[in-house]
Amino acid sequence: MMQTNLDNAGILYVVATPIGNLEDITLRALRILQEVDLIAAEDTRHTKHLLNHFEIHTPLISYYREKEAERSEELVQKLLSGETIALVSDAGTPGISDPGAVLVKKARTAGITIVPLPGPSALTAALSAAGITDGSFLFLGFPPSKKGQRQKLLSSFVEAPWALVFYESPHRIQALLVDVLATLGDRQAFWARELSKVYEDLQAGSISQLLELATGKKNRGEFVLIVHPASTQQQATGKNVEEILLWYKENTELSLKDVSHRIANDLGISRSNVYQMALELWAATKEES
Ligand code: SAM
């Protein structure tokens, strides 16, 4: 539907804010945050820090996930009565794995003008440094926290020709990498951690290399993980199982039987087939050494 401005109605500005480094705020964001009647913020205490830093004294109202439905009604009424409102989240661009979409949709339905202010997002910052040469990617946000659901989601993208982009927290990155390895194989990947912060960390390598970096350490900082599409020969499942077996063999002390059980359970395939492959692989690597 076309955007129609109602006479005397306010404007809803959707304002991107820094994901770490406060210098990343745009001049336009500062002006709008200063000029609006009200700032709707995911966490008012968090946004207060930002506003204090730039000496902005605009009133704040909370707008968080659990309250989106209720608060958005209230905010649309304010907009209709002529107030201008800036919507911000804790970090980055509202509506990208953050609250915002409900208010934007309701405001548009009510005929309010919506103005997005482009700026920081972990998504675009990570993509800009990932080197995806064909330019196509699929943003999946946070993967499910339950292993079964996560693996089901990943499995549905085995043949997808695009880079897959995920947001992930430090305490789940290792589990995500294990599941990517198990379902999609040892693809090329990239992680961007602590973007724009002091300990910014960009790593490119195979999934098993990234897994090695993430294993046995306390992982700090938030991650964007980008998994490149499979090369042609990686698309064969047999090769994937072999790669996973090798990873377990080189990186853990688990017995051949335990490794086979684990992989078979993870992939939902026959234990005896995996066990047979493991026997052959263990024998082959012994001969080589
Ligand atoms: N709306 C935000 C945006 O535009 O990037 C994303 C909000 S989402 C709740 C938070 C997730 O974004 C984190 O778990 C992490 O995956 C990613 N993220 C946010 N800041 C980041 C940073 N500085 N470095 C790396 N990833 C970051």
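Owing to the predicted nature of the structure, the values given are computational and were not obtained by experimental measurement.

Participant: Got a minute to help me understand the sheet that holds strand 8 (residues 188–193) in this structure?
Facilitator: Neighbouring strands of a sheet are bound in pairs by backbone hydrogen bonds; such pairs are parallel or else antiparallel. Strand order in the open sheet formed by five strands is 6-7-10-8-9, with mixed pairing between adjacent strands. Both outer strands of the open sheet, strand 6 (137–141) and strand 9 (201–206), are each paired with one neighbouring strand and no more. In this sheet, adjacent strand axes meet at a mean angle of 15 degrees when their direction is disregarded. For strand 8 and strand 10 (residues 223–227), the ladder comprises five bridges, and the chain directions are antiparallel. Paired with Ala-192 across the bridge in strand 10 is Val-224. In the packing of helix 8 (residues 207–214) onto the sheet, the strands contacted are strand 8, strand 9 and strand 10, and the crossing angle to strand 9 comes to about 135 degrees.

Participant: Where do I start with the environment of Arg-71 in this structure?
Facilitator: Position of Arg-71 among the secondary structure elements: in helix 3 (residues 68–80). C-alpha separation for the pair Arg-71 and Leu-6, spaced 65 residues apart in sequence, amounts to 21 Å. Not counting residues within four places of it along the chain, the set of residues in contact with Arg-71 comprises Ile-61, Ser-62 and Tyr-63.

Participant: Teacher, can you tell me more about the site of the ligand here?
Facilitator: Neighbouring residues of the ligand: 19 residues in total, closest Ile-96, Ala-122, Leu-195, Glu-222 and Phe-223. Within the side chain of Ser-121, an N or O atom sits 2.8 Å from an oxygen atom of the ligand. Expressed as a share of its isolated accessible area of 570 Å², the protein-covered part of the ligand is 91%. Its atoms largely coinciding with the cavity grid, the ligand occupies the largest pocket. Looking at the shell around the ligand, the elements that each hand over two or more residues are strand 7 (163–168) and strand 10. In the shell around the ligand, the residues fall into 10 nonpolar, four polar and five charged.

Participant: Just to check I follow, could you spell out the pairing of strand 1 (residues 11–15) for this structure?
Facilitator: Regular strands show a simple pattern: their side chains alternate between the two faces of the sheet. Taking burial as the measure, the five residues of strand 1 include four buried ones, the bulk of the element. Strand direction decides the pairing type here: strand 1 and strand 5 (residues 113–117), joined by five bridges, are parallel. The residue of strand 5 that forms the bridge with Ile-11 is Thr-113. Strand direction decides the pairing type here: strand 1 and strand 4 (residues 85–88), joined by three bridges, are parallel. Looking across to strand 4, one finds that Val-14 is bridged to Leu-87.

Participant: Help me understand the layout of surface pockets, please; the structure alone is not making it clear to me.
Facilitator: By rolling a water-sized probe across the atoms, one finds the places where empty space is left. Of the pockets and cavities examined, the largest pocket occupies roughly 560 Å³. In terms of lining, the largest pocket is formed by 25 residues, of which the most central are Ala-91, Ala-122, Phe-142, Tyr-167 and Glu-222. Of all the secondary structure elements, the ones that give two or more residues to the lining of the largest pocket are strand 7, strand 8 and strand 10. As a volume, the second largest pocket reaches approximately 210 Å³. If you go around the second largest pocket, you meet 13 residues; those closest to its centre are Pro-18, Leu-22, His-46, Leu-50 and Asp-90. Class assignment of the residues belonging to the lining of the second largest pocket gives a composition of six nonpolar, six polar and one charged.

Participant: Which parts of the structure should I look at to understand the packing of helix 7 (residues 173–184) against helix 8?
Facilitator: Two packed helices can be described by the angle between their axes and the distance between those axes. Two elements in contact, helix 7 and helix 8, have axes whose closest approach is 9 Å; the angle formed by their N-to-C orientations is 155 degrees. Overall, the two elements helix 7 and helix 8 adopt an arrangement that is roughly antiparallel. Handedness of the crossing formed by helix 7 with helix 8: left-handed. Where helix 7 abuts helix 8, its residues Ile-173, Gln-174, Leu-177, Val-178, Val-180 and Leu-181 lie against Ile-207, Ser-208, Leu-210, Leu-211 and Ala-214. Counted by class, the contact of helix 7 with helix 8 contains nine nonpolar, two polar and no charged residues.

Participant: Would you take a moment to explain the packing of aromatic side chains for this structure?
Facilitator: To describe a pair of aromatic rings, you give the distance between the ring centres and the angle between the ring planes. All told, the structure shown has four aromatic pairs when counted by the stated rule. Taken together, a centroid distance of 5.4 Å and an interplanar angle of 80 degrees make the contact between Trp-247 and Tyr-248 edge-to-face. Judged by its relative accessible area of 5%, Tyr-248 is buried. Through a chain of ring-to-ring contacts, three or more aromatic side chains come together here, namely Phe-139, Phe-142 and Tyr-167. Stacked on the ring of Trp-282, the Lys or Arg Lys-249 has its end atom at 5.5 Å from the ring centre.

Conventions used here
- Sequence order sets the numbering: in each chain, residues are counted from 1 along the sequence as written.
- Thresholds applied to this predicted model are a pLDDT of at least 70 for local features of residues and 80 or more for the giving and counting of side-chain atom pairs; totals over whole chains, interfaces and linings are not thresholded and use all residues.
- Note that water and hydrogens are dropped before the side-chain values are worked out from all heavy atoms of the structure.
- Any two strands with at least two DSSP-identified bridges between them are counted as paired.
- Strands are runs of DSSP state E lasting at least 2 residues, helices are runs of H or I lasting at least 4, and numbering of each runs from the N terminus.
- Angles shown run from 0 to 180 degrees and are taken between the N-to-C directions of axes, each axis being a line fitted to C-alpha atoms and, for helices, limited to the stretch in contact.
- Contact definition: two residues touch when any of their heavy atoms are within 4.5 Å.
- Consider each residue's heavy atoms; a residue with any of them within 4 Å of a molecule or strand counts as near.
- Pairs of N or O atoms within 3.5 Å make up the polar contacts considered here, provided that, within protein, one atom can donate a hydrogen while the other can accept it, and that residues adjacent in sequence are counted only when both atoms are side-chain atoms.
- Computed by Shrake-Rupley with a 1.4 Å probe, the accessible areas treat only the displayed protein chains as cover when residues are assessed.
- Every definition here rests on a 1 Å grid over the protein atoms only: cavities are sets of points where a 1.4 Å probe fits but cannot get out, pockets are open sets enclosed by protein on both sides within 12 Å along at least five of seven lines, and lining residues have some atom within 4 Å of a point.
- More than half of a molecule's atoms within 2 Å of the grid points is what it takes for that molecule to sit in a cavity or pocket.
- By the convention adopted, Pro, Cys, Tyr, Trp, Phe, Met, Ile, Leu, Val and Ala count as nonpolar, Lys, Arg, Asp and Glu as charged, and the other residues, Gly among them, as polar.
- Per-residue accessibility, obtained with a 1.4 Å probe over protein chains only, is compared with the maximum for each type, and a residue is labelled buried under 20%, exposed over 50%, and partly exposed between these values.
- Grid points are joined across faces, edges and corners, and a volume is the space filled by probe spheres set on the points.
- Roughly parallel here means an angle under 35 degrees, roughly antiparallel means over 145, roughly perpendicular means 65 to 115, and every remaining angle is called oblique.
- By definition, turning the near helix anticlockwise from the far helix through less than a right angle yields a left-handed crossing, and turning it clockwise yields a right-handed one.
- The criterion for an aromatic pair is that two Phe, Tyr or Trp rings (for Trp, the six-membered ring) have centres within 6.5 Å, with stacked assigned to planes under 30 degrees apart, edge-to-face to planes over 60 apart and tilted to the rest.
- Our definition puts a charge over a ring when NZ of Lys or CZ of Arg is within 6 Å of the ring centre and also within 35 degrees of the ring normal.

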